[in-house]
Amino acid sequence: MIPSSSEDTGNGKVLSVAASSPYGICTMTYFGLYEQPLLANFYITIILACGLAVFWALLDPSVDGPRAAKYRAAVFIALGASGFAPILHAALSPSLTLDGFSMEYVVAQSAFYLLGTAVYVNRIPEKYWSGVFDVWGASHQIFHVLVNVAQVLHLLGLRKSMMQHYTLT
Ligand SMILES: [Zn+2]
């Protein structure tokens, strides 16, 4: 599902995810490439540019509607790719390691974000038991709980990365 600004459901959510994902991947990149500040800044600049492009795609009426869906898809994919690029770079470069990225936390938080998005987009569980989850347990609430878990995992990963650098140098 590629969100557009004319959709009345979930647009604020898409905006808040769009705002928080550059934050997450910038901090991850900062610590992951801590020994290579120029490279880190290069990737952080690209990530921020992709984040701005997502904001533009969500808010500018000229990229609204089905005709512009491919542009909206492109900026979301670019933002996702901008997060993978520094990890891929570190994995492929013989002089770099993935140690600073705290990959187990990156993987775990991504899983919770994806699960939360899947629950929200598919409206589970109220899709199957209409009316039962109107007050407690609706997909929207489950989504927020899962996103909070992902954010705590992100902070734990950042703490681990930071401690590595601060104890090694
Ligand atoms: Zn919400």
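Reading guide: rules and limits
- Residue numbering note: each chain is counted from 1, following its sequence as written.
- Owing to the predicted nature of the model, reporting of local features is limited to residues with pLDDT of at least 70; listing and counting of side-chain atom pairs is limited to 80 or more, with chain, interface and lining totals taken over all residues.
- UniProt positions are given in the numbering used here, feature names are shortened, and annotations may be inferred rather than shown by experiment.
- Here a nonpolar core is just a set of buried residues of the types Ala, Val, Leu, Ile, Met, Phe, Trp, Tyr and Cys, joined wherever their C-beta atoms sit within 7 Å.
- Neighbour counting defines burial: a residue surrounded by 20 or more other C-beta atoms within 10 Å of its own C-beta is buried, one with 12 or fewer is exposed, and intermediate counts give partly exposed, using backbone-placed C-beta atoms.
- Only runs of H or I of at least four residues qualify as helices and only runs of E of at least two qualify as strands under DSSP, and these elements are numbered from the N terminus.
- Note: domain ranges come from an automatic or database domain assignment.
- Whether two residues are in contact is decided by their C-beta atoms, placed from the backbone, lying within 7 Å.

Within the UniProt record for the protein, the comment given under Subcellular location (unreviewed entry) is "Membrane".

Engineer: I'm lost on the nonpolar core in this one. Help?
Structural biologist: Soluble globular proteins tend to bury their nonpolar side chains together. The biggest cluster of nonpolar side chains holds 25 residues, and the ones touching the most others in it are Cys-50, Val-54 and Val-75. Among the elements of the structure, helix H1 (11-32), helix H2 (37-59), helix H3 (69-92), helix H4 (103-122) and helix H5 (139-168) are those that each provide at least two residues to this core. Examining the composition of this core, we find that seven residues originate from one element, H2, more than from any other. Looking at this core, you find at least three residues from each of domain 1 (1-96) and domain 2 (102-169). With sequence-adjacent residues up to four places away left out, Cys-50 is seen in contact with Val-75, Ala-78, Leu-79 and Ser-82.

Engineer: What is the right way to read the UniProt feature "binding site: Zn(2+)" (unreviewed entry) in the protein from this model?
Structural biologist: Per the UniProt record, "binding site: Zn(2+)" (unreviewed entry) is found at His-140 and His-144. Note on placement: His-140 falls in helix H5. Relative to the helices and strands, His-144 resides in helix H5. Look at His-144 and you get partly exposed, because 13 C-beta atoms sit within 10 Å.

Engineer: What am I meant to see in unusual backbone geometry here?
Structural biologist: In most cases, non-glycine residues show a negative phi, while peptide bonds are predominantly trans. In this chain, Ile-124 is followed by Pro-125 through a cis amide linkage whose omega measures 10°. Residue position: Pro-125 is located in the loop between H4 and H5. A positive phi is found at Ser-102, a non-glycine position, where the angle reads about 50°. Looking at the secondary structure, you find Ser-102 in the loop between H3 and H4. Notably, Arg-123 is not glycine yet its phi reads approximately 55°, a positive angle.

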